[in-house]
Amino acid sequence: MSVAISMGLMIALIAIGILGMSYFGIVNIYNGKHELAQIATFFVPFLIFIVAYLAMGSLTEAGLLTMLVALATMVLFIFVSGVRSTFKI
């Protein structure tokens, strides 16, 4: 019984957190504190996950592919940043 209550509370708190972040993100975009491109960057992993899930049909494989794409992108951007700072491009 206590496990079910704990799980319900946990899910409710996560939902409240997501709703709060979404609301304040929209308010900050509306007030001009953030650009839409900055906020849209947050959703790129979700889009990768959705495309991978639709292509593969497995949540586990889609999650792993999303993680691998994120890691590869991170390594690529670190490399590009290092090259730019080395050669003052």
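Refer to the structure presented above.
What counts and how
Every chain is numbered independently, its residues counted from 1 as its sequence is written. Only residues with pLDDT of at least 70 get local features here, since the model is predicted, and only at 80 or more are side-chain atom pairs given and counted; chain-wide, interface and lining totals rely on the full set of residues. To obtain the side-chain values, all non-hydrogen atoms of the structure were included, while hydrogens and water were left out. Secondary structure elements are defined from DSSP: runs of H or I of at least 4 residues count as helices, runs of E of at least 2 residues count as strands, and each element is numbered from the N terminus. Exposed residues in this analysis have more than 50% of their type's maximum accessible area, buried residues have under 20%, and partly exposed residues fall in between, with area computed by a 1.4 Å probe over protein chains only. For Phe, Tyr and Trp, where Trp contributes only its six-membered ring, two rings pair if their centres lie within 6.5 Å, and the inter-plane angle classes them as stacked under 30 degrees, edge-to-face over 60, or tilted in between.

Q: So what about the overall build of the chain? Which residues, and what values?
A: The helix and strand inventory of the chain stands at 4 helices and 0 strands. The order of helices and strands in the chain, counted from the N terminus, is α-α-α-α. For the chain, the C-alpha atoms occupy an extent of roughly 60 × 40 × 25 Å along the three principal directions. Buried residues in the chain amount to 4% of all 89 residues.

Q: Outline the packing of aromatic side chains, supporting the account with residue identities and numerical values.
A: Scanning the entire structure with this criterion turns up 4 aromatic pairs. Ring geometry for Tyr23 against Phe24: centres 5.0 Å apart, planes inclined by 70 degrees, an arrangement best described as edge-to-face. Summarising the burial analysis for this pair, Tyr23 and Phe24 share the class exposed. Aromatic rings pair up to connect Phe42, Phe43 and Phe46 into one cluster.

All quantities given are derived from atomic positions and should not be read as evidence of function.
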